[in-house]
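Observations on the three-dimensional arrangement
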Amino acid sequence: MASLLLTGGRVIDPAQKLDRTADVLVVDEKIAGIGTDATAKAAPDVERIDVTGLVVSPGLIDLHVHLREPGQSAKETIATGTAAAARGGFTSVVCMPNTSPAIENAGTVALIREKAAREGKVNVFVTGAITRNIAGEELAPIGSLKQAGVVAITDDGHCVQNNELMRRALEYARMFDLTVMDHCQDYALVSDGVMHEGYWSTTLGLGGWPSAGEEMIVARNILLAETTGAQVHCQHLSAAGSVELIRAARKRGVPISGEACPHHFTLTDSAIAGGDIFWRADGKGVFGFNDMEQRPAWPNYDTNFKMNPPLRSARDRDAILEGIVDGTIEVICSDHAPHCDYEKEVEFDYAPFGITGLETELPLSLMQLYHTRKMSLPEVLARFTTGPASLLKLAKGTLKAGADADITVIDPNREWVFQRGESASKSKNSPFHGWTMKGKAVITIVAGQVVWSEQNELTAV
Ligand SMILES: [Zn+2]
């Protein structure tokens with residue numbers, strides 16, 4: 001029997017409202033117990049890892065990741081994307097279906113699940129498309145996608161514009177007990193916008209992507225969730241108005257939810273005018289950079305700050321943070337969107353949208369929410385565990401006895417510098433290169449196996 005005992009850590013399990021110093025025993029891929037009886041039950045030859053002074057959390061879950069397989073393996077593969085996940089402390093990821101071909105039939109779902117079982121370092125859950133080829137014209141075979149094992153449907157990267165078609169999708173999804181995740185973008189309003197519509201888009205001469213382009217679809221989704229009773233989850237919220245709409249709808253019991261990404265609650269649109277301007281205009285609230293000298297520099301029009309939806313104003317950033325704090329937003333995710341350097345090294349208008357995020361997600365969240373004292377550590381960890389697990393009904397995100405032994409060991413106070421060259425992702429398109437981070441996953445355990453540890457990486461070099 002393979003067994004492992006983590007000793008002396010601060011065990012935080014939001015699912016059990018547990019927060020205390022204890023040992024955690026793993027036997028045969030499952031959590032066998034926590035606390036004194038765990039220690040007593042452990043075999044004398046059990047492998048022990050001393051985690052005194054560290055936090056032992058249920059394995060973190062990221063429900064919005066682009067693994068780029070099949071078809072775009074120059075950007076990322078299941079092997080490299082899940083290696084980046086493990087390095088960032090994630091034991092489960094949910095991959096998006098906008099691959100080529102798109103994940104829109106049972107065969108492609110099976111292919112990815114097989115490949116992930118063989119090559120994935122962490123658990124991979126698969127989503128299927130809402131519409132055929134993500135073209136927004138006719139529905140994908142939602143029933144057979146469910147049978148093939150998808151955990152949700154989404155046209156992420158795209159957005160179903162036809163409200164009637166979206167209504168049908170929600171009706172099917174409800175029938176098959178599937179959550180619908182939506183990338184909220186009204187194409188007519190957004191047109192060819194590449195950054196938030198406002199002062200900086202005018203100043204920089206770039207096409208604006210207005211907040212209303214997101215809010216319009218969030219409002220549509222609320223109305224359709226209410227009409228059909230299906231659970232709709234609004235992806236990567238960026239605008240204050242979206243948070244307000246969801247807050248009010250949830251109050252009256254609409255099955256609507258939302259997620260937020262660290263770049264949207266750390267950066268603002270002024271970052272596209274360059275590092276100096278960002279730090280002066282909007283950077284004061286960003287934790288840990290009171291000292292001018294420590295502040296990372298970057299040029300204007302840096303395409304690593306181009307993503308969809310775009311970075312918005314400081315007011316929007318505050319509203320997202322407030323939504324996370326008050327529970328309107330129960331899920332934090334990365335929208336990890338790898339692109340090759342040659343694709344990003346073009347004019348701002350022509351660069352693809354998206355940034356990598358798996359390895360910076362936890363520290364940025366700790367910096368903006370925990371180290372600023374907006375939330376407690378258990379509250380932040382709930383956004384990475386119980387939040388995503390309950391939305392998608394995954395049997396993950398807890399350290400209850402009998403649960404899968406997926407565990408993340410975290411040093412919440414560790415200061416370190418993120419270097420894009422050290423990333424395990426195949427792509428390096430991160431805006432956070434050179435940033436001093438506070439907080440880090442140090443050991444990632446999936447089904448009782450250490451799949452990544454800082455110690456091993458250091459000794460391997
Ligand atoms: Zn998206």
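Please refer to the structure higher up on the page.
Residues numbered from 1 in each chain as written. Predicted model: local features only at pLDDT ≥ 70, side-chain atom pairs only at ≥ 80, totals over all residues. Heavy atoms only, no water.

**Considering the overall build of the chain**
If you tally the helices and strands in the chain, you get 16 helices and 18 strands. Its C-alpha radius of gyration of 21 Å places the chain within 12% of the 23 Å reference for a compact globule of 461 residues. Along the first, second and third principal axes, the C-alpha atoms of the chain reach 65 × 55 × 45 Å. When burial is assessed residue by residue, the chain has 61% of its 461 residues classed as buried. When contacts within the chain are restricted to residue pairs at least 6 apart in sequence, those whose partners lie at least 24 apart make up 76%. For the chain, the computed accessible surface area is about 17,300 Å², with 50% contributed by carbon and sulfur atoms. (Helix = DSSP H or I, 4+ residues; strand = E, 2+ residues; numbered from the N terminus. Rg over C-alpha atoms; globule rule 2.2 N^0.38 Å. Buried < 20%, exposed > 50% of the residue type's maximum accessible area, 1.4 Å probe, protein only. Contact = heavy atoms within 4.5 Å. Areas by Shrake-Rupley, 256 points an atom, 1.4 Å probe, with all protein chains shown as cover.)

**Description of the packing of helix H2 (residues 78-88) against helix H3 (residues 106-119)**
Running from N to C, H2 and H3 cross one another at 60°; their axes reach a closest spacing of 9 Å. Of the possible angle classes, the one that applies to H2 and H3 is oblique. Seen from above, H2 lies across H3 with right-handed handedness. In this structure, H2 contributes Ile78, Ala79 and Thr82 to the contact, and H3 contributes Ile112, Lys115, Ala116 and Glu119. (Axes fitted to C-alpha atoms, helices over the stretch in contact; angles between N-to-C directions. Parallel < 35°, antiparallel > 145°, perpendicular 65-115°, else oblique. Left-handed = near helix turned anticlockwise from the far one by under 90°.)

**Side note on helix H8 (residues 212-228)**
The end-to-end C-alpha separation of H8 is 24 Å, in line with the 24 Å expected for 17 residues at 1.5 Å each. Within H8, burial applies to Gly213, Glu214, Ile217, Val218, Arg220, Asn221, Ile222, Leu224, Ala225 and Thr228. Directly beyond the C-terminal end of H8, a positive phi value near 80° is found at glycine 229. (Expected span 1.5 Å × (residues − 1).)

**A word on the coordination of the zinc ion**
Within the protein, Asp156 (OD), His183 (ND1) and His236 (NE2) serve as the donor atoms for the zinc ion, at 2.0 to 2.3 Å. Linear spacing of the donor residues for the zinc ion on their chain is D-x26-H-x52-H. With a gap of 27 residues between them, aspartate 156 in the loop between strand S9 (152-154) and helix H5 (163-175) and histidine 183 in the loop between strand S10 (179-182) and helix H6 (187-190) connect regions that are remote in the sequence. Accessibility classification places aspartate 156 together with histidine 183 in one group, the buried group. (Donors = N, O, S within 2.8 Å, 3.2 Å for Na, K, Ca; no water.)

**Some thoughts on the side chain of threonine 99**
Inspection of the secondary structure puts threonine 99 in the loop between strand S7 (90-95) and H3. Sequence-distant contacts of threonine 99, that is, excluding residues within four places in its chain, are made with Arg68, Glu69, Pro70 and Gln72.

**A look at the nonpolar core**
Membership of the largest hydrophobic core comes to 71 residues, with the highest contact counts inside it found for Val93, Ile153, Ile256, Phe265, Ile320, Ile324 and Leu369. Apart from residues lying up to four places away in sequence, phenylalanine 265 is in contact with Ala260, Arg317, Ile320, Leu321, Ile324, Ile332, Leu364, Ser365, Gln368 and Leu369. Counting 25 residues, the second-largest nonpolar core is a separate cluster that includes Leu204, Trp298, Ile355 and Trp435. (Core = buried A, V, L, I, M, F, W, Y, C linked by side-chain atoms within 4.5 Å.)

**Section: the pattern of salt bridges**
The full count for this structure, using the stated rule, is 24 salt bridges. Across the pair glutamate 171 and arginine 167 runs a salt bridge whose closest N-O atoms are separated by 3.0 Å. Pair noted here: glutamate 171 and arginine 167 are both in helix H5, with a separation of four residues, about one helical turn. With a relative accessible area of 28%, glutamate 171 lands in the partly exposed category. When its relative accessible area of 32% is taken as the criterion, arginine 167 is described as partly exposed. Across the pair arginine 414 and aspartate 411 runs a salt bridge whose closest N-O atoms are separated by 3.5 Å. The buried category is assigned to aspartate 411, whose relative accessible area is 15%. Salt bridges linked by common partners bring Lys30, Lys396, Asp404 and Asp406 together as one network. (Salt bridge = Lys/Arg side-chain N within 4 Å of Asp/Glu carboxyl O.)

**Considerations on the packing of aromatic side chains**
According to the stated counting rule, one finds 10 aromatic pairs in the structure shown. On the numbers, 6.3 Å between centres and 80° between planes, the contact of tryptophan 416 with phenylalanine 418 is edge-to-face. Each member of the pair tryptophan 416 and phenylalanine 418 is classed as buried. Linked through ring pairs, Phe278, Trp279, Trp298, Phe305, Phe432 and Trp435 together constitute an aromatic cluster. A cation over a ring is seen here: lysine 306 above phenylalanine 353, with NZ or CZ 4.7 Å from the ring centre. The side chain of lysine 440 reaches across the aromatic face of tryptophan 416, ending 5.0 Å from its centre. (Phe/Tyr/Trp six-rings, centres within 6.5 Å; stacked < 30°, edge-to-face > 60°. Lys NZ or Arg CZ within 6 Å of the ring centre and 35° of its normal.)

None of this, on its own, says anything about what the molecule does.
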